[in-house]
Amino acid sequence: MKKFILTCLVVVTVSASLLEEHQALFETFKSAHGKTYSRQEDARRFAIFRDNLRSIEQHNALYAKGLVSYNKTVTMFSDWTPEEFRSYLTLHSKPARSLKTIPFVKTRVAIPASRDWRTEGYVTDIKNQGSSGYSWVFSVTGSTEGAYFKSSGKLVSLSEQQLADCSCGNDGCNGEPLDGAFAYVEEYGLESEADYPITSEGICRYDASKVVTKISKYVSISEDEENLLEAVGTIGPVSVVVDASYLANYAAGIYSDSNCSPNNLNHAVLIVGYGSEDGQDYWIVKNTWGTSWGEQGYFRILRGADECGIAEDTVYPVV
């Protein structure tokens, strides 16, 4: 009996100690991400945080054994439920292609074994979409920035706010994937982020005299990862849409998750290169959740298996 009581006391002590540790982590988390809650909401968020923390620890134990190819960490999303995170990913399933989209034509040119357009000047700094669900505006400006650099040799950060304010009536404004937004850029062009900065006004302030570039066309790569590889390897960054439902707490490594689906495309990103590591091929992807997330704002994802639908909705512009 004494041994049983002692064991119970040890369990209680360990549980209390772990609770205190998790509470301290939660306070640090809230401070780092500027989060404040009422007492009741704080208790609810702490419970969600603990659930996510346990899930992260379980996943990382598998990573330590070499059973999964990426690890997880606490991120700004770690006090959200999976349902809340999915509601943040506002894109809808892939629509029918616009009649204005030009189909990709494979040329079978030699493709380098690896490519990283960041090192060649095509890619602006990591941006942060904040509470906005408009990931598509960042994907579209990102590929257009690369196309403009390819044409002019100038890297200019283009205005996401202009797209969000002014492209309503195109598919992108209603949370659809990429074609509608590219149609807007083709017709009106994009100003720089400096001339049209991020605001909360939601009023279109388009000024044609300040347009940095238009595009001459936008090319669709039809659900084929080999064609996507040729485009990324020889042309430049490519806008894509993925199922990011399980990506919230990604830290580093080559992301792969059997739960994600090519039929649930909900987040637009930008492929900026590719490579291989320890026999695994991967894409290098620019995300829009700030530099504190992932691999300094980027993530790598398994290449060659249409992971999370990465080859399903792919477009690049031509300046």
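See the structure printed just above.
Every chain's residues receive numbers from 1 upward, in the order its sequence appears when written. Restriction of local features to residues with pLDDT of at least 70 applies here, the model being predicted, together with a cutoff of 80 or more for giving and counting side-chain atom pairs; totals for whole chains, interfaces and linings are based on all residues. With hydrogens and water stripped out, all remaining heavy atoms of the structure feed into the side-chain values.

A. Spotlight on the overall build of the protein chain. Put simply, DSSP marks the helices as runs of H or I at least four residues long and the strands as runs of E at least two long, and each gets a number from the N terminus on. When its secondary structure is counted, the protein chain shows seven helices and twelve strands. Three labels apply to residues, based on accessible area from a 1.4 Å probe with only protein chains included: buried if under 20% of the type maximum, exposed if over 50%, partly exposed otherwise in between. Burial analysis of the protein chain (319 residues in total) assigns 49% to the buried set. The criterion used for residue contact is that any of the two residues' heavy atoms lie within 4.5 Å. Put simply, 73% of the contacts in the protein chain that link residues at least 6 apart link residues at least 24 apart. Summing over all exposed atoms, the protein chain offers an accessible surface of approximately 15,000 Å²; the carbon and sulfur share of this is 53%. Using a 1.4 Å probe, accessible areas were evaluated by the Shrake-Rupley method; residue-level cover was limited to the displayed protein chains.

B. Region of the structure containing the packing of aromatic side chains. Pairing of aromatic rings covers Phe, Tyr and Trp, the last through its six-membered ring, and needs centres within 6.5 Å; plane angles under 30 degrees mean stacked, over 60 mean edge-to-face, and all others mean tilted. Overall, the coordinates contain 27 aromatic pairs when judged by the stated rule. Their ring planes at 20° and their centres at 5.9 Å tell us that Phe182 and Tyr218 sit as a pair that is stacked. Of this pair, Phe182 sits in helix α6 (residues 179-188) while Tyr218 sits in strand β6 (residues 217-221), placing them 36 residues apart in sequence. Classification of Phe182 by relative accessible area gives buried; the value is 0%. Take Tyr218: its relative accessible area is 0%, and that puts it in the buried class. Each residue in the set Tyr70, Phe77, Trp80, Phe85, Tyr88, Tyr250, Tyr255, Trp289, Trp293 and Phe299 is aromatic and connected to the rest through ring pairs, giving one cluster. Above the face of the Tyr298 ring, Arg118 is positioned so that its terminal group lies 4.4 Å from the ring centre. Above the plane of the ring of Trp283 lies Arg303, whose end atom (NZ or CZ) is 5.7 Å from the centre. Sitting over a ring, as applied to charges here, requires NZ of Lys or CZ of Arg to be within 6 Å of the ring centre and within 35 degrees of the ring normal.

C. Broad picture of the state of the cysteines. Two cysteine sulfur atoms make up a disulfide if the distance between them is within 2.5 Å. Under the definition given, this model contains two disulfides. The disulfide partner of Cys166 is Cys204, and the gap between their sulfur atoms is 2.0 Å. On the sign convention where negative means left-handed, the S-S torsion of about 105° between Cys166 and Cys204 marks this disulfide as right-handed. Pair noted here: Cys166 is in helix α5 (residues 160-166) and Cys204 is in the loop between β4 (190-191) and β5 (211-213), with a separation of 38 residues, a long-range link. Relative accessible area serves as the criterion here: at 14%, Cys166 is assigned to the buried category. Across the disulfide from Cys260 sits Cys308; the S-S distance is 2.0 Å.

D. Expanded view of the side chain of Asp79. Among the secondary structure elements, Asp79 is positioned in the loop between β1 (70-72) and α3 (82-88). Residue class for Asp79 comes out buried when judged on its relative accessible area of 0%. Leave out the neighbours within four places in its chain, and Asp79 touches Phe26, Phe29, Lys35, Tyr37, Arg45, Ile48, Phe49, Asn52 and Glu84.

E. Up close: the side chain of Glu160. Along the chain, the position of Glu160 falls in helix α5. In contact with Glu160, other than residues within four places in its own chain, are Lys127, Val137, Phe138, Thr141, Glu145 and Glu193.

F. Region of interest: the nonpolar core. Only buried residues count toward a nonpolar core. Its members are Ala, Val, Leu, Ile, Met, Phe, Trp, Tyr and Cys residues joined through side-chain atoms within 4.5 Å. The biggest cluster of nonpolar side chains holds 47 residues, and the ones touching the most others in it are Trp283 and Trp289. Elements with a minimum of two residues in this core: α3, β6, α7 (225-234), β7 (238-242), β8 (250-255), β9 (267-277), β10 (280-286) and β11 (298-302). Top contributing element to this core by residue count: β9, with five residues. Membership of the second largest hydrophobic core comes to 23 residues, among which are Leu158, Leu163, Phe182 and Val241.

G. Broad picture of the pattern of salt bridges. By definition here, a salt bridge exists when the distance from a side-chain nitrogen of Lys or Arg to a carboxyl oxygen of Asp or Glu is within 4 Å. If you walk through the whole model with that rule in mind, you get 18 salt bridges. Measuring nitrogen to oxygen at the nearest pair gives 3.3 Å for the salt bridge that ties Glu27 to Lys30. With a gap of three residues between them, Glu27 and Lys30 both fall in helix α1 (residues 2-33), about one helical turn apart. Residue Glu27 is classed as partly exposed on the basis of its relative accessible area, which comes to 39%. Lys30 sits in the buried class, given a relative accessible area of 10%. A salt bridge links Glu41 to Arg45; its shortest N-O distance comes to 2.8 Å. One end of the pair, Glu41, and the other, Arg45, are both in helix α2 (residues 39-64), four residues apart, so they sit about a helical turn from each other.

H. Spatial organisation of the pairing of β10. Buried residues dominate β10, accounting for five of its seven residues. Between β9 and β10, which follow one another and run antiparallel, lie two residues, and Asp278 among them has a positive phi close to 50°. Strands qualify as paired when DSSP identifies two bridges or more between them. Across five bridges, the pairing between β10 and β11 is antiparallel. When the sheet's bridge partners are listed, Trp283 is paired in β11 with Ile301.

I. Spotlight on helix α4 (residues 135-152). The end-to-end C-alpha distance of α4 is 26 Å, a good match for the 26 Å that 18 residues give at a rise of 1.5 Å each. In the segment just after α4, Gly153 is the residue with positive phi, at about 80°. How far a helix is expected to stretch is found by multiplying one less than its residue total by 1.5 Å.

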